[in-house]
Amino acid sequence: MFLFDQRDRQLLNIVNEVLSKDPIRQYRRKMVYPYLHPRGIKELSESKGLRIAFAVIHLLESMEAGGVDDRLNALRSLRDEVLLTAAGPIPKNTARVLLQIMKELVRAHGHEQRQLELAHDFRACVSGNPRIIRKQLRQYHLLEMPEEWNQLSFDDHVHDANTKGRKSSSHLIMDAWIKGIRRLRVVYYNCLEARFAVEILEAARITGIDIRIGIEFYAEFRNRYVQLMWVPRGFSDAQDFLCFLEDPPVKELMAEGKNICSYQRDHILKVLQAFNTNHAPHLQKSLGIEVPILDTSEFLSFVGTGQPSLVHLAEFAYTKISPPMAARVEILRDRYPKARHEERLNIARWVQTMNQMDSDTILEQFLRPEKNPQIPDPSTPQPGADVPGMLRLSPKEVIFRLSKLHLGYRITLNLSDLQVEDVLELLYDCEGMINRLEIFNLKDYAAGKTDQAAKIHSLQQAINRSNVIQLKRLTHDIITRLASSKDDQQKDRIKKFYTILHDIATLRDFYKGSPLKSRIGSDSTGRSPRVHGMGLAILDTLPRRAQNDAGGGSPRDRIPIAIGVLKRRTLHPKTGPTPFTQKFYRWVRRIPGMEFMGSRKTHDWVIEQDTTRFTDQGNVITLGGVQKHADNGFSLTANGARKKTHRLSWRYLNTGLKNILKIFIGFVPAFATFALTKDWWFLAYFGAFIWFGITGLRNILQSVLGGGGIRRSPLLKWNDYVKWGRLADSLLFTGFSVPLLDYVAKTLILNTGFGITAASNPVALYSFMALTNGLYLCSHNIFRGLPKGAIYGNLFRSVLSIPVALFFNWAAAGILVAFQVPGVESILQKWAAIISKGASDLVAGIIEG
């Protein structure tokens, strides 16, 4: 009764309608809405909040295989409804919060109380109040981004659902935008289908994200595989890239890549069978549950359009094991209070084991190659085995073949499990064709596999600076370390490094014209909470508030890398619409000190060349969170059966009731001030009503006229244009202005302190009251999060209201004198605050309306 609104429940109906796949209503929205403008007829059929809700839900609901056109249409609708039309002083951050809340609302399906809370938060954020938006950003661990959208935020290694990621391409791009990522590189394994490229490129174009597509190939190097990422570049548009994929040599390469995927798929299915045969009985015995048999066809259906991987298999196994574990915990929870001490210890141990049995634990304990030694590992070369021919190629041979397909490309070397000597040998063997190093991988960082990163970076710096002396020293150190090893196989490598040492100038010349650049990625799949989510940002390019939020106590990690950046200001001179204005601007800019007259300024950030370095005080932070420890939510305390009680909360209070309370709270000090300070009964008892009437009428008129209410559409009523929540806020704060203006400013300061009245010095009286009112308006407008234009306009309106108030004062005096009313000076002094208020609101109605 007292919580939530009718529109909150309408929002839930939209959610349930889409999730239940009601065909009639969905057809209307899916087929018609993408072609209608958000400021047009759609606005007459449904509110903006409901339209945003449908677009987000439609996108999330269409994550499954297929439906590419549906996802892209939903993303376009999101752009129109949210990204381009968000309200408030911080529209981009408002749009990010709206999208995030709607994602949470979909996830909470089936929990009505939580959904109502989220729906209420969503509608509260539609107005774009900065105070509310920033609170929601902190709640969802999102950093505030600059409204110029010039932050340096990126991720050079992510995966979508077409490989081993969880999210479809459109969903991945939407999440990247929510996090504030501006540059993204999506990595595919061995091959790329045109239909996948279409979605990722179009989704990135819709949201304005700079996208790169990389294809990762394996190359045989010293009895193992290294990973090379090929990024074709230099295409005019997405269609040009798609035509490139249709070239016969490229199609042939992709066909060979599919053979590799099939080879790796067969390995995953063998591991699945090994899990059923070898590991499931052990797991069943240790946990005391019935472990279901993993079905091959069901697993492949679970993978969908992706490429089967151990990550998929671990998550699939977890989804099958989780329900029996939950049922087992319920039984143990009931037994625990009656059990003896020793049995209690065993029960606690069982529950703790099941609580930690997440997909990552399953992967590490049962699915890794070392846990299944009887199955040949496809991630290492298998001599004599029937493997695809592409896996027999050396790194140089792989790159040479790729170089013949397209002139513009980049090759990035993945440094996972590589030592500095491996990198040096690869750079030399490939003759400068490797032009990027993934110098930092968040997934490897979390696993503690980045101990060689600093040494490899030193090698990279020596190459980029053409420092032959440092290169020789690094090579000599490698030779010394290898010589001290007792491994006889290292003798051949020592000879190779002596060759490199004597030919170090050639290595330097490989990179003399084009430096060896760095890449940093998360390697995120969105499947494991114990691995960082996607996204990194350079802290210096974020707003000051975001930099403070990213400090101590933040769930984000500051990785040990610092990148130098410079802020660049660009002036865009205005030319003017006519030849006269063009000549005027050119003439004015010739005046010393006026060079920037009439120019539009933009700011962006530039990365300084060769400034990336490893340091304990890095300036690169993660945008995605990470869960340090496994936690399935199992415990011996009953936490799932109890129902959440509906407690009264101001945040979720019914909007109508909240507005009434706001008006009442503001009315109390206004009425008390007039009742206690005025002698005339009419002003004492009706002064507050007059004061509130002036403010209310002004707000309503400016809302209706400002919204085009007179000539816009006969289908809309006048009250459709009025924002009643904003009106209630205005009445709340205007109520506290009565004691401020009438008692403190007029009576205590001016009359008692300086002897200034409406009769003695009306100019000083109304000027001081206008200035006081202007400062008060600015302060509560900032608190309410109104646009800067409205804040400055209210200060400006206070100045303009002074002559209007003097005119009202003079007119009132003339009317009273004409009717021979006694005590004109006393009456004007009593009505001075209302006269000043009326003048101020008259000017405000004109300016704001």
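Our subject is the structure listed above.
Because the structure is predicted, anything quoted here is derived from the model rather than measured.

Focus on the sheet that holds strand β7 (residues 517-521)
Sheets are built from strands that pair by backbone hydrogen bonding, the pairs being arranged parallel or antiparallel.
Move 1: Strand order in the open sheet made by the ten strands is β7-β6-β5-β4-β3-β2-β1-β8-β14-β9, with mixed pairing throughout. Each edge of the sheet is formed by a strand with only one pairing partner; in this case those strands are β7 and β9 (558-559).
Move 2: In the sheet, strand β2 (residues 183-189) pairs with strand β3 (residues 210-220) via seven bridges, with the strands oriented parallel. Paired with Y189 across the two strands is E216, which belongs to β3.
Move 3: Across the sheet, helix α17 (residues 395-403) is in contact with β3, β4 (225-232) and β5 (409-414); its angle to β3 comes to roughly 140 degrees.

Side note on the packing of aromatic side chains
Move 1: Summed over all chains, the structure comprises 27 aromatic pairs.
Move 2: Judged by centre distance (5.2 Å) and plane angle (45 degrees), the rings of F235 and F244 are tilted.
Move 3: Here F807 and F808 contribute two aromatic rings whose centre-to-centre distance is 6.2 Å and whose plane-to-plane angle is 50 degrees, an arrangement assigned as tilted.
Move 4: For F807, a relative accessible area of 47% puts it in the partly exposed group.
Move 5: A residue is classified by how much of its surface remains accessible, and F808, at 29% relative accessible area, is partly exposed.
Move 6: Geometry around W350 places R328 over its ring, the cationic atom sitting 5.1 Å from the centre.
Move 7: Here R344 stacks its cationic end above the ring of Y336, 4.9 Å away from the centre of that ring.

Focus: the pattern of salt bridges
Move 1: This model, assessed by the stated rule, comprises 41 salt bridges.
Move 2: The partner of E117 in a salt bridge is R114, and the shortest N-O contact between them spans 3.4 Å. With E117 and R114 both in helix α7 (residues 112-125), this residue pair falls three residues apart, about one helical turn.
Move 3: Taken together, the shared-partner salt bridges in this structure form one network comprising R222, R224, D422, E425, D429, D492, R493 and K496.

Concerning a nonpolar patch on the surface
Move 1: Taken together, the side chains of F580, F584, W587, I591, M594 and M597 make up a nonpolar region of the molecular surface, amounting to roughly 610 Å² of accessible area.
Move 2: The residue M597 is located in the loop between α25 (579-589) and β12 (599-607) in this model.

Observations concerning the packing of helix α18 (residues 420-429) against helix α20 (residues 453-464)
Move 1: Packing of α18 against α20 leaves a shortest axis separation of 9 Å and a crossing angle of 35 degrees. In this structure, the crossing between α18 and α20 has a hand that is right-handed. On the side of α18, the interface is formed by V420, V423, L424 and L427, while α20 contributes K455, I456, L459 and I463.
Move 2: Taken together, the residues of the contact of α18 with α20 sort by class into seven nonpolar, no polar and one charged.

About the cut-offs
- By convention here, each chain's residues receive numbers from 1 onward along its written sequence.
- The predicted origin of the model limits local features to residues at a pLDDT of at least 70 and limits the giving and counting of side-chain atom pairs to 80 or more, whereas totals for whole chains, interfaces and linings rest on all residues.
- The side-chain quantities take in all heavy atoms of the structure and omit both hydrogens and water.
- We treat two strands as partners when DSSP finds at least two bridges between them.
- A helix here means a DSSP run of H or I that spans at least four residues, while a strand means a run of E at least two residues long, and both kinds are numbered starting from the N terminus.
- Residues are treated as being in contact if the distance between any of their heavy atoms lies within 4.5 Å.
- Helix axes are fitted to C-alpha atoms over the stretch in contact, other axes to C-alpha atoms as well, and angles between N-to-C directions run from 0 to 180 degrees.
- A pair of Phe, Tyr and Trp rings is counted when the ring centres sit within 6.5 Å of each other, with Trp represented by its six-membered ring. The angle between the planes then sorts it: under 30 degrees is stacked, over 60 is edge-to-face, the rest tilted.
- Using a 1.4 Å probe on the protein chains alone, a residue whose accessible area is under 20% of its type maximum counts as buried, one over 50% counts as exposed, and one in between counts as partly exposed.
- Each ring is checked for a lysine NZ or an arginine CZ that lies within 6 Å of its centre and within 35 degrees of its normal; such an atom marks a charge sitting over the ring.
- Within this document, salt bridges are pairs made up of a side-chain nitrogen of Lys or Arg and a carboxyl oxygen of Asp or Glu, the two lying within 4 Å of each other.
- Residues enter patches when their relative accessible area tops 30% and they take part in no salt bridge; the joining distance is 9 Å for like charges and 5 Å for the nonpolar side chains Val, Leu, Ile, Met, Phe, Trp and Tyr.
- Residue burial considers only the protein chains on display, and all accessible areas are found by Shrake-Rupley using a 1.4 Å probe.
- Crossing handedness is read from the near helix: turned anticlockwise from the far helix by less than a right angle, it gives a left-handed crossing, and turned clockwise, a right-handed one.
- Amino acids outside the nonpolar list (Ala, Val, Leu, Ile, Met, Phe, Trp, Tyr, Cys, Pro) and the charged list (Asp, Glu, Lys, Arg) are all regarded as polar, and Gly is one of them.

Purely geometric stuff here, so don't read any function into it on its own.
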